[in-house]
Protein chains: 2
Amino acid sequence: MEGQRLPGALNPSHFPAKLWQLVNSPRFGSVRWDARGEGLLIDQRLFERELLGAAPAGQGAALTAAFFKTRNFPSFIRQLNLYGFRKLGPGPLQGLAGGDGGGSAGPLLHFHSPHFRRDRPDLLVHLKRLTSANKAKLAAGLQVPSRPPQRSQRLLGAALHGDPALLPSRLGEAARPGELGWAPAWW
Amino acid sequence: MEGQRLPGALNPSHFPAKLWQLVNSPRFGSVRWDARGEGLLIDQRLFERELLGAAPAGQGAALTAAFFKTRNFPSFIRQLNLYGFRKLGPGPLQGLAGGDGGGSAGPLLHFHSPHFRRDRPDLLVHLKRLTSANKAKLAAGLQVPSRPPQRSQRLLGAALHGDPALLPSRLGEAARPGELGWAPAWW
DNA sequence: GGTTCTAGAACC
DNA sequence: GGTTCTAGAACC
């Protein structure tokens, strides 16, 4: 399980953290690592059913866990591109994807970012939202700050990942009512 | 049935002609006119099944008529935008869409172009592919030429639409073998 | 920062 | 000209 812990410095409500949790979660099969742990394999059909609440055609829209706010798969792709992921086409690199993944319903999309690797959660902090402003800063060699998670978010993350180092040690620092009394629907 | 005939000047292999035939075809329910005949109502779920060969989830990909070359719905949207269609959001205009369309499987997308109206096939010639070059020409008040359909395509269109004026009147002008010996799979 | 709609560009 | 991938911009 090493390498699957979400670094505490990441804001769990932002896309990189959510994606990290998603790919490492046994709950979901639509997003997983490729054979080398250096890219993402995404089963669009399964993704829409698991995460976007798409009904199996004929049934009404099922209410589903709100991992993402959207109901549209293209918005997820937009997020990937916005954070610098690139699609890997069919070819030698794609060949490393690693099989059909066992019962996948549809074709797999293969995406890659140099800052998103299974064994390198420390690189996640380099995933930046590539707005034009941020790109200009990065091009100029400047730093792009990340808003750190709020106290309640850090507590939640620590609780979810069982990281005692991040949990309050004294009662006086304990979570206020409501602060830890919930969990995301997708967990 | 007036107004559903494809103008002979249009190249039937290009997007505007295909879209016109699609929305006026009784074969397909995924694309149809809104209540005013001034916009398109598109049922993405049905569109993917009818025209892109999407399997009903679980089954393998079904082989389907090749109305479009793509298997991806976003490519169809890209075409709409490329030809100047804009999406109408929920609101007063959207309210004119006209019901759920009778058994539509999913939510409807509403798109509009001033050159695409049920009762005005004569406007279709103004639908231009909005490349940056074409947009510059249009902005300069210049004309953007359309490649006219080839002889075989004119003949096919005339035959499909039963337009005797466009069909050869003498045997010497008749179609050569193979020229009319086929029809699109989707017809 | 996330989501949505549209457009640029490259490839076919 | 059609298709695909990525990005800009506006809105939330």
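Starting from 1, residues in each chain are numbered consecutively following that chain's sequence as written. Starting at A for chains and at 1 for ligands, labels are handed out in the order in which the entities are written. A pLDDT threshold of at least 70 governs which residues receive local features in this predicted model, and a stricter bar of 80 or more applies before side-chain atom pairs are shown or counted, although totals over entire chains, interfaces and linings include all residues. The basis for every side-chain value is the complete set of heavy atoms in the structure, and neither hydrogens nor water enter the calculation.

With that out of the way, let us pick up the sheet that holds strand 4 (residues 108-112) of chain A. Residues and elements named next belong to chain A. The pairing criterion is simple: DSSP has to find at least two bridges between the two strands. Here a strand is any run of E in DSSP of at least two residues, a helix any run of H or I of at least four, and the numbering for each starts at the N terminus. Overall, antiparallel pairing links the four strands, which are arranged 1-2-4-3 in an open sheet. Edge positions in the open sheet fall to strand 1 (31-33) and strand 3 (86-87), since each of these has one partner strand only. Here three bridges tie strand 1 to strand 2 (residues 40-43), and the two strands are oriented antiparallel to one another. Considered in strand 2, the bridge of tryptophan 33 is made with leucine 40. Residue contacts follow a heavy-atom distance rule, with two residues in contact if any of their heavy atoms lie within 4.5 Å. Between N-to-C directions, angles cover 0 to 180 degrees, with each direction set by a line fitted to C-alpha atoms, over the stretch in contact for helices. Helix-sheet contacts for helix 1 (residues 15-24) involve strand 1 and strand 2, and the interaxial angle to strand 1 is about 80°.

Turning our attention to the packing of aromatic side chains. Between rings of Phe, Tyr and Trp, where Trp is taken as its six-membered ring, a pair exists when centres lie within 6.5 Å; planes separated by under 30 degrees are stacked, by over 60 edge-to-face, and by other angles tilted. Summed over all chains, the structure comprises 26 aromatic pairs over all chains. On the numbers, 5.4 Å between centres and 75° between planes, the contact of A:Phe47 with A:Phe73 is edge-to-face. Remark: A:Phe73 occurs in helix 3 (residues 73-82) and A:Phe47 occurs in helix 2 (residues 44-51); sequence separation between them is 26 residues. Both residues of the pair, A:Phe47 and A:Phe73, belong to the buried class. What links up through ring pairs into an aromatic cluster is the set B:Phe15, B:Phe28, B:Phe47, B:Phe67, B:Phe68, B:Phe73, B:Phe76 and B:Tyr83. For each residue, the accessible area found with a 1.4 Å probe, counting protein chains only, is set against the maximum for its type, and the residue is called buried under 20%, exposed over 50%, and partly exposed in between.

With a side-chain oxygen lying 3.2 Å from the backbone nitrogen of B:Arg45, the N-terminal cap of helix 2 (residues 44-51) of chain B falls on B:Asp43. Just past helix 2 of chain B, the residue B:Gly53 takes up positive phi, approximately 70°. In the analysis that follows, any N or O atom pair within 3.5 Å is treated as a polar contact, provided that within protein one partner can donate a hydrogen and the other can accept it, and provided that, for residues neighboring in sequence, both atoms belong to side chains.

Here we come to the pattern of salt bridges. Side-chain pairing between opposite charges can occur once the charged atoms of the two side chains come close. By definition here, a salt bridge exists when the distance from a side-chain nitrogen of Lys or Arg to a carboxyl oxygen of Asp or Glu is within 4 Å. Summed over all chains, the structure comprises six salt bridges over all chains. When the shortest N-O distance is used, the salt bridge between A:Arg120 and A:Asp122 registers 2.9 Å. One salt bridge connects B:Asp119 with B:Arg117, and the closest N-O pair in it is separated by 3.8 Å. When its relative accessible area of 53% is taken as the criterion, B:Asp119 is described as exposed. One network of salt bridges, in which partners are shared, links A:Glu38, A:Arg117 and A:Asp119.

Here the focus is the protein's contact with DNA strand C. Throughout this document, a residue counts as near a molecule or strand when at least one of its heavy atoms sits within 4 Å of that molecule or strand. In the neighbourhood of DNA strand C, 19 residues make up the surrounding shell, with A:Lys69, A:Thr70, A:Ser75, A:Arg129 and B:Lys87 lying closest. Here, DNA strand C places atoms within 4 Å of the protein, and 68% of those atoms are sugar or phosphate. Note that a phosphate oxygen of DNA strand C is positioned 2.8 Å from one of the side-chain N or O atoms of B:Lys135. Elements that contribute at least two residues to the surface near DNA strand C include exactly helix 3 of chain A together with helix 3 (73-82) and strand 3 (86-87) of chain B. Of all the elements, helix 3 of chain A adds the most residues to the surface near DNA strand C, at four residues.

So, on to the confidence of the model for chain A. Residues and elements named next belong to chain A. Per-residue pLDDT for chain A averages 75, and the proportion of residues at 70 or more is 64%. Confidence of the prediction at every residue is given by pLDDT, a number between 0 and 100. Helix 5 (residues 151-161) is the least confidently modelled element of chain A, averaging 56 in pLDDT, while strand 3 averages 98, the highest of any element. Every residue in residues 162-187 scores below 50 in pLDDT, and together they form 38 contacts with partners more than four places removed in sequence or on other chains.

All right, on to the protein's contact with DNA strand D then. Taken together, 19 residues surround DNA strand D, and among them B:Lys69, B:Thr70, B:Ser75, B:Tyr83 and B:Arg129 come closest. Looking at DNA strand D alone, sugar and phosphate atoms form 67% of those within 4 Å of the protein. With respect to DNA strand D, the side chain of A:Lys135 contributes an N or O atom lying 2.8 Å from a phosphate oxygen. The separation between a phosphate oxygen of DNA strand D and a polar side-chain atom of B:Ser75 is 2.4 Å. Elements that contribute at least two residues to the surface near DNA strand D include exactly helix 3 and strand 3 of chain A together with helix 3 of chain B. Among the elements that make up the surface near DNA strand D, the one with the highest residue count is helix 3 of chain B (four residues).

With that out of the way, let us pick up the pairing of strand 4 (residues 108-112) of chain B. All names here are of chain B. Most of strand 4 sits inside the fold, with four of its five residues counted as buried. The sheet contact formed by strand 2 (residues 40-43) and strand 4 spans four bridges and is antiparallel. Note that in strand 4 the partner of leucine 40 across the bridge is phenylalanine 111. Relative to strand 4, strand 3 runs antiparallel, the two being bridged by two bridges.

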